[in-house]
Amino acid sequence: MSTRGNFSGRIGFILAAAGSAVGLGNIWKFPYLAGQNGGAVFLLIYLACIFLLCYPVMVGEIAIGRKAGTDAYGSYQKLGGSKWGYLGLFGILAGIFILSFYNVVAGWAFGYFLHIGFGDLLNEKDFGAFFGFFTNDILDVSSAKGLANSNFIFSLVFMAVTALIVSQGIQKGIEAANKIMMPALYSILIGIIIYSLTLPNAISGVKFYLIPDFSELKIQTVFEGLKQAFFSLSLGMGALITYGSYLKKNENIASSAAVISLADTMVAFLSGLMVFPLVHFLQYKANLTEVATAGPPLIFIVLPQIFHEMGPILGRFVGGSFFLLVCFAALTSTISLLEVPVAYLVDQKKMNRKSVVWGIALLIFIVGLPSMLSQGMIPALNKLDFFRGQDFLVFIADMCDISLTIGGCLMCVFITYRWKIHNMDEELEQGNEGYRKSFLRKYLSFTIQYVCPILLGVLSILVILDKFWGIDNIF
Ligand code: TRP
């Protein structure tokens, strides 16, 4: 045990798990999903998913990990036999694919940080065209900037920094990095929110974000909310089994999971509160009638335009801080994603941590190349016929989303029928003496045995049908 390493205590674990949760999902995806799905209505559905489906799954994952004290594969295998080990492997594989495309987007954010903070990106005239050009040509050897503009290099560097942190181990690497980046992230976020709320027309953005319009409520809103909640909390693929395996026995799992869920939800909520006033400020300043809720490019196209409007000095400062925030958020997540396959090889194959880290990081970078190339450089990857004309990056991201809710569903089945709920209760009692008699125990037993497996199972199937055939053809 002692050779595996562990978190120094409750704060270290919570910061690391919250760091895993807080990421591009919160800052990049949540605001544009909320923008596309009716603002406050989306927020409400999202909160319901967290409360009803995500929190129980999170507690379950951490409990499995801490009980077994090993990686995702080893934990399922130890508590459930070798067949269940495949569920762990499935999660590890999902993690590899998530990191492969996640690192590409993180590379873009890193490039934008450098180009806004230290370069001349804000002088661009057309930010949409710039983003297209930037993501298209991954080496950008044709332009005057040459390799300095290459997102191939940006993501390679991002992956290398991730590997460097993970190679240092749990306390000196993952925990130490999170202890610096998480407080920094919260401070930058709050700073930008305060500033954006003082801008003209900010209140209209806040209203759009916070006043629900129930006419926007569609079945897809529920799908999007659920997938986003699972992704955002890093559930369903064993990341929290892995982190849980480094948690000491005297820590309270249920309350730690509550703090982690809350910290993540706060950042998603606050990101919306940062972005919508900015978007409505732009609408006012540039005299637009439409509110720009541009979808995935929101932070790469709409926000730079806003930083441009702020003028060269302020824009550079606010824009640079914003993308630094995005990089920190992404990095605390990429390290958790990399740790999952690394823990597997270190625990199961008894391989050396440092070499495993660099080997897997390189492998995942290579797995990510099709996603990177799918933004235009290879036309065949840009429009997939079997996937309604979407690009490869979106395809992989969607497949991963689906595997997370399926993974969460199967985890509940595992706890209910194989490991048994009373064993989970026993694990949750450690570090929480009153647990057995608490209402929380009843709530978790009920949700993990009935609500989560059924709802997650049904919703996963509906999401698959919707993705490949479109929901209109089903109902
Ligand atoms: N939760 C992170 C985000 O919101 C991404 C992430 C990190 C993740 N580790 C994960 C997603 C494990 C699923 C599973 O950006």
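Up top is the structure.
These numbers come from a predicted model, not from an experiment.

About the cut-offs
Each chain has its residues counted from 1, following the order in which its sequence is written. Where totals are concerned, whole chains, interfaces and linings use all residues; where local detail is concerned, this predicted model gives features only for residues with pLDDT of at least 70, and gives and counts side-chain atom pairs only at 80 or more. Only hydrogens and water are removed before side-chain values are computed, so all heavy atoms of the structure are retained for them. Secondary structure is summarised from DSSP: a helix means a run of H or I of at least four residues, a strand means a run of E of at least two, and numbering begins at the N terminus for each. C-alpha atoms define the radius of gyration, and 2.2 Å times the number of residues to the power 0.38 defines the globule rule. For each residue, the accessible area found with a 1.4 Å probe, counting protein chains only, is set against the maximum for its type, and the residue is called buried under 20%, exposed over 50%, and partly exposed in between. We call two residues in contact when some of their heavy atoms are within 4.5 Å. Geometry of aromatic contacts follows a simple scheme: Phe, Tyr and Trp rings, the Trp one being its six-membered ring, pair when their centres are within 6.5 Å, and the pair is stacked under 30 degrees between planes, edge-to-face over 60, tilted otherwise. Residues belong to one nonpolar core when they are buried, are Ala, Val, Leu, Ile, Met, Phe, Trp, Tyr or Cys, and are joined through side-chain atoms within 4.5 Å. A molecule or strand has a residue near it when one of that residue's heavy atoms lies within 4 Å. Here a polar contact is taken to be a pair of N or O atoms separated by no more than 3.5 Å, where protein atoms must pair a possible hydrogen donor with a possible acceptor and residues adjacent in sequence count only if both atoms sit in side chains. Residue burial considers only the protein chains on display, and all accessible areas are found by Shrake-Rupley using a 1.4 Å probe. Axis geometry follows a simple rule: fit a line to the C-alpha atoms, using only the stretch in contact for helices, then measure angles between N-to-C directions, giving values from 0 to 180 degrees. The scheme is simple: roughly parallel for angles under 35 degrees, roughly antiparallel for over 145, roughly perpendicular for 65 to 115, oblique for anything else. Left-handed describes a crossing whose near helix is turned anticlockwise from the far helix by less than a right angle; the clockwise case is right-handed. Any carboxyl oxygen of Asp or Glu within 4 Å of a side-chain nitrogen of Lys or Arg constitutes a salt bridge here. Patch building starts from residues that exceed 30% relative accessible area and form no salt bridge, then joins like charges within 9 Å and nonpolar side chains (Val, Leu, Ile, Met, Phe, Trp, Tyr) within 5 Å. Helix span is expected to be 1.5 Å times the residue number reduced by one.

Student: In this structure, what is going on with the overall build of the protein chain? I would like to understand it.
Tutor: Scanning the protein chain from terminus to terminus reveals 20 helices and zero strands. For 475 residues, the compact-globule estimate of 2.2 N^0.38 gives 23 Å, and the C-alpha radius of gyration of the protein chain, at 22 Å, lies within 12% of that figure. Along the first, second and third principal axes, the C-alpha atoms of the protein chain reach 60 × 50 × 45 Å. Counting only residues that meet the buried cut, the protein chain has 61% of its 475 residues in that class. Considering only residue pairs separated by 6 or more positions, the protein chain has 80% of its internal contacts joining residues 24 or more positions apart.

Student: I'm lost on the packing of aromatic side chains in this one. Help?
Tutor: For any pair of aromatic rings, the description consists of the separation of the ring centres together with the inter-plane angle of the planes. Counted according to the given criterion, the structure contains 36 aromatic pairs. On the numbers, 5.7 Å between centres and 80° between planes, the contact of Trp108 with Phe300 is edge-to-face. Here Trp108, found in helix H5 (residues 82-117), pairs with Phe300, found in helix H13 (residues 298-309); they are 192 residues apart in sequence, far enough to count as distant. Take Trp108 and Phe300: they sit in the same class, and that class is buried. Judged by centre distance (5.9 Å) and plane angle (65°), the ring pair of Tyr112 and Phe130 falls under edge-to-face. Linking Tyr112 in helix H5 with Phe130 in helix H6 (residues 127-136), this pair joins segments that are 18 residues apart in sequence. Both residues of the pair, Tyr112 and Phe130, belong to the buried class. Among the aromatic side chains, those forming a connected cluster through ring pairs are Trp108, Phe110, Tyr112, Phe130, Phe131, Phe134, Phe154, Phe158, Phe300, Phe307, Phe322 and Phe323.

Student: I would appreciate a short explanation of the nonpolar core in the present structure.
Tutor: Within soluble globular proteins, side chains that are nonpolar generally end up buried alongside one another. In this structure, Met274, Phe300, Phe322, Phe323 and Leu338 are the most contacted members of the largest nonpolar core, which totals 172 residues. Setting aside anything within four residues of it in sequence, one finds Leu338 in contact with Leu99, Thr162, Ala163, Val166, Val357, Ile360, Ala361 and Ile364.

Student: Explain the site of the ligand to me, please; I cannot follow it from the model alone.
Tutor: With respect to spatial proximity, 17 residues lie near the ligand, and among them Ala21, Gly25, Tyr102, Phe231 and Ser232 are the closest. Within the side chain of Ser336, a nitrogen or oxygen atom sits 3.2 Å from a nitrogen atom of the ligand. For the ligand, whose accessible area on its own is 360 Å², the fraction buried by protein is 100%.

Student: Sorry if this is basic, but what is going on with unusual backbone geometry here?
Tutor: Negative phi values dominate among residues other than glycine, just as trans dominates among peptide bonds. The phi dihedral of Ser234 falls on the positive side, at around 60°, and the residue is not glycine. Structurally, Ser234 is set in the loop between helix H10 (219-232) and helix H11 (239-244). We classify Ser234 as buried; its relative accessible area is 11%. Even without being glycine, Arg388 reaches a positive phi, approximately 50°. Secondary-structure assignment places Arg388 in the loop between helix H17 (379-382) and helix H18 (392-419). Here Arg388 falls in the exposed class, since its relative accessible area comes to 53%.

Student: Where do I start with the environment of Thr221 in this structure?
Tutor: Along the chain, the position of Thr221 falls in helix H10. Residue Thr221 is classed as buried on the basis of its relative accessible area, which comes to 0%. Sequence separation between Thr221 and Tyr46 is 175 residues, and the spatial gap between their C-alpha atoms is 9.1 Å. In this view, Thr221 contacts Asn37, Phe42, Ile45 and Glu216; residues no more than four positions away in its chain are not counted.

Student: When you look at the environment of Ile366 in this model, what are you seeing that I'm missing?
Tutor: Mapping Ile366 onto the fold places it in helix H15 (residues 353-367). When the C-alpha atoms of Ile366 and Asp466 are compared, they prove to be 30 Å apart, with 100 residues separating the residues in sequence.

Student: Even after reading the chapter, I still don't get the side chain of Ser333, so can you show me in this structure?
Tutor: Note on placement: Ser333 falls in helix H14 (residues 312-348). Owing to a relative accessible area of 4%, Ser333 belongs among the buried residues under this scheme. Among residues more than four places away in sequence, those in contact with Ser333 are Gly19, Ser20, Val22, Gly23 and Tyr102.

Student: Got a minute to help me understand the packing of helix H12 (residues 253-285) against H13 in this structure?
Tutor: Packed helices, taken two at a time, are described by the angle their axes make and the gap between the axes. It is the contact of H12 with H13, at a shortest axis distance of 10 Å, that shows an interaxial angle of 60°. One way to sum up the angle between H12 and H13 is to call them oblique. Where H12 crosses over H13, the two elements pack in a sense that is left-handed. The residues of H13 that touch H12, namely those facing Val275, Leu278, Val279, Phe281, Leu282 and Lys285, are Leu298, Val302, Leu303, Gln305, Ile306 and Glu309.

Student: Just to check I follow, could you spell out the pattern of salt bridges for this structure?
Tutor: If charged atoms from side chains of opposite charge come close, those side chains can pair. A full pass over the atoms with the stated rule returns ten salt bridges. With a closest N to O distance of 3.2 Å, Lys249 and Glu427 form a salt bridge. One end of the pair, Lys249, is in the loop between H11 and H12; the other, Glu427, is in helix H19 (residues 421-429), with 178 residues separating them in the sequence. We classify Lys249 as partly exposed; its relative accessible area is 37%. Overall, Glu427 belongs to the buried group, its relative accessible area being 1%. For Asp398, the salt bridge is made with Lys467, and the minimal N-O distance between the two is 3.4 Å. Note that Asp398 is positioned in helix H18 and Lys467 in helix H20 (residues 439-469), a separation of 69 residues in sequence. On the basis of relative accessibility, which here comes to 10%, the residue Asp398 falls in the buried class. For Lys467, a relative accessible area of 13% translates into the label buried. Because the salt bridges share partners, they merge into one network encompassing Arg66, Lys249 and Glu427.

Student: Which parts of the structure should I look at to understand a nonpolar patch on the surface?
Tutor: A cluster of nonpolar side chains, Leu44, Leu47, Phe214 and Leu217, forms an exposed patch at the surface whose accessible area comes to about 380 Å². As for its placement among the helices and strands, Leu44 is situated in helix H3 (residues 40-68). Residue classification places Leu44 among the partly exposed positions, given a relative accessible area of 44%.

Student: Would you mind showing me how to read H12 here?
Tutor: An α-helical segment advances 3.6 residues per turn. Residues three or four places apart therefore align on the same side. For H12, spanning 33 residues, the distance from its first C-alpha to its last is 48 Å, which sits close to the expected 48 Å at 1.5 Å a residue. The distance from a side-chain oxygen at the start of H12 to the backbone nitrogen of Ala254 is 3.2 Å, and the residue carrying that oxygen is Asn252. Just past H12, the residue Asn287 takes up positive phi, approximately 60°.

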